[in-house]
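# Understanding the architecture of this molecule
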Amino acid sequence: MGMLEYKHIGKIYNGGVRAVSDFNLSIHDGEFIVIVGPSGCGKSTVLRMTAGLEEISEGDLYLDGVRINDQPPVERDISVVFQDYALYPQLTVYDNVGMSLKVRHVDKGEIFDRVMDTSRFLQIQNYLTRLPGQLSGGQKQRVSLGRAVARKTRVFLMDEPLSNLDAKLRAHTRAEIVKLQRQLAITTLYVTHDQIEAMTMADRIVVIDHGVIQQVGTPQELYTKPANIFVAGFIGTPPMNFIPGKILGGRFVNKELGINLAVPAKVGCQEGKSIIIGIRPEHLQIATTKQDEGMELVVMDTQFIGSRFYVLFKLGSLVITGSLPDYVPNNAKEWVSFSMENVHFFDGKTTMRLEV
Ligand code: ADP
């Protein structure tokens, strides 16, 4: 088993910096959870509190129903894979993988069996006598994973484990970690600032900003129903476009920008309310005829990214991004349309999602 439960967890560092506030989350056994958010939002603090490397200032943390706030790291049945691999440079791969078992007084024969099994599993069996300095970044990463795997803990924690790898290796290792996690079915908490990693790896994603959970959900849920403007802007590349306006006469209006759109009744009935609409770049298209659901935009720049064109349009002082199949010349004036089904509505004051 490996069920983690965070109840009202908070962290205040010495000196008074509040890094995490009222963190509540239940992680199921075998689940792959990714915590994502911008740098400094408190991701590593949550991970370090879980590992026991940082004291928990507020709340209770349970592993399979047992409160572990006061358990020292070595007693927690949790292993950590760090960004910088944290390998012992003077020890061979074999000893690095076996080290955490040795300090826990596992007998030599058992250590041998587990290191060999793990190395075969991670395909590092040919490097067992090498030192970390004689390995590539990708190989070091496997050894670092190997240490966690060999321990067979109930929980894996991973802190930006791919950030030192180049783009190609990162995509490959991403897939390998997911496969490994599925095969071992060990509860995994993975921390990253990279929303693509979160979207491609997680069963559920936890989005944090300023130490506060913004939303917990599957990648699909976060993409289709972001809880607020922060999540809407954080998940998706290029980011969602936002246009502010007001409900006037049952329509979404921004006179300055020349926007006047029919909106669903539930939003339209809130006369005078400040609203922000959100449209993803991939939901915009160039229309051949002027349609109701659209706006006239001027092309500022077109960037070819291989499969699509990112087109930057000017809308008053805003820049609207489209992800389009075809090239559009600079300065062209285009009627850009979208389906109202793909428009997200947010409260202009609270920035929270409005259900329609
Ligand atoms: P992230 O992992 O999302 O980049 P961290 O959890 O490392 O964020 O940090 C969250 C906040 O706590 C930041 O404001 C950071 O400056 C602060 N912080 C982190 N570690 C310490 C520390 N040891 N002492 C004081 N403040 C810290």
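A short tour of the structure in this document, coming up.

Reading guide: rules and limits
- Residues numbered from 1 in each chain as written.
- Predicted model: local features only at pLDDT ≥ 70, side-chain atom pairs only at ≥ 80, totals over all residues.
- Heavy atoms only, no water.
- 1 Å grid on protein atoms, 1.4 Å probe; cavity = no way out; pocket = protein on both sides within 12 Å on 5 of 7 lines; lining within 4 Å.
- Points joined across faces, edges and corners; volume = space filled by probe spheres on them.
- Helix = DSSP H or I, 4+ residues; strand = E, 2+ residues; numbered from the N terminus.
- Nonpolar A, V, L, I, M, F, W, Y, C, P; charged D, E, K, R; others polar.
- Near = heavy atom within 4 Å.
- Polar contact = N/O pair within 3.5 Å; in protein donor to acceptor, adjacent residues only side chain to side chain.
- Areas by Shrake-Rupley, 256 points an atom, 1.4 Å probe, with all protein chains shown as cover.
- Pairing = 2+ DSSP bridges.
- Axes fitted to C-alpha atoms, helices over the stretch in contact; angles between N-to-C directions.
- Core = buried A, V, L, I, M, F, W, Y, C linked by side-chain atoms within 4.5 Å.
- Buried < 20%, exposed > 50% of the residue type's maximum accessible area, 1.4 Å probe, protein only.
- Contact = heavy atoms within 4.5 Å.

A word on the layout of surface pockets. Looking at the largest pocket, its volume works out to about 400 Å³. Contributing to the lining of the largest pocket are 17 residues, with Val80, Phe82, Ser100, Arg104 and Arg151 lying nearest its centre. Looking at the lining of the largest pocket, the elements that each hand over two or more residues are strand 6 (78-81), helix 2 (93-102) and helix 4 (137-151). Grouping the amino acids of the lining of the largest pocket by side-chain chemistry returns 12 nonpolar, two polar and three charged.

Before going further, it helps to examine the site of the ligand. In the region of the ligand, the neighbouring residues are Tyr13, Ala19, Pro38, Ser39, Gly40, Cys41, Gly42, Lys43, Ser44 and Thr45. A distance of 3.0 Å is found between an oxygen atom of the ligand and a backbone nitrogen or oxygen belonging to Cys41. Contact with the protein chains hides 59% of the accessible area of the ligand, taken as 560 Å² for the molecule alone. Here the shell around the ligand takes three residues from helix 1 (residues 43-51), the largest share from any one element.

Ordered by their spatial adjacency, five strands build an open sheet running 15-19-16-17-18, and the pairing between neighbours is antiparallel. Edge positions in the sheet fall to strand 15 (285-287) and strand 18 (318-324), since each has one partner strand and no second. Neighbour-to-neighbour, the strand axes of the sheet open up by a mean angle of 55°, direction not taken into account. Relative to strand 17 (residues 309-315), strand 16 (residues 294-304) runs antiparallel, the two sharing six bridges. Paired with Gln303 across the bridge in strand 17 is Tyr310.

Turning our eyes to something else, we now look at the nonpolar core. One finds Val93, Ile177 and Tyr190 to be the most contacted residues of the largest nonpolar core, which totals 39 residues. Per element, the largest residue contribution to this core is five residues, and it comes from helix 4. Val93 has contacts with Ile124, Tyr127, Leu128, Arg130, Leu135 and Val143, leaving out every residue within four places of it along the chain. If you look at the next biggest cluster of nonpolar residues, it comprises 29 residues, including Ile243, Val267, Ile320 and Phe338.

Attention now moves to the side chain of Ser119. When you line up the elements, Ser119 lands in helix 3 (residues 108-122). Accessibility expressed as a relative area gives 0% for Ser119, which makes it buried. In terms of polar contacts, Ser119 uses its side chain to reach the backbone carbonyl oxygen of Val115, at 2.4 Å. Excluding anything up to four places from it in sequence, Ser119 contacts Ile124, Gln125 and Leu128.

Let us now look at helix 1. Most of helix 1 sits out of view: seven of its nine residues are buried. Within the sequence span of helix 1, burial applies to Lys43, Thr45, Val46, Leu47, Met49, Thr50 and Ala51.

What follows concerns unusual backbone geometry. For the bond running from Thr237 to Pro238, omega is -15°, close enough to zero to count as cis. Mapping Pro238 onto the fold places it in the loop between helix 8 (229-234) and strand 11 (241-248). The residue Lys152 is not glycine, and still its phi comes out positive at about 50°. With respect to the helices and strands, the residue Lys152 is situated in the loop between helix 4 and strand 7 (155-159). You can call Lys152 exposed: its relative accessible area is 58%.

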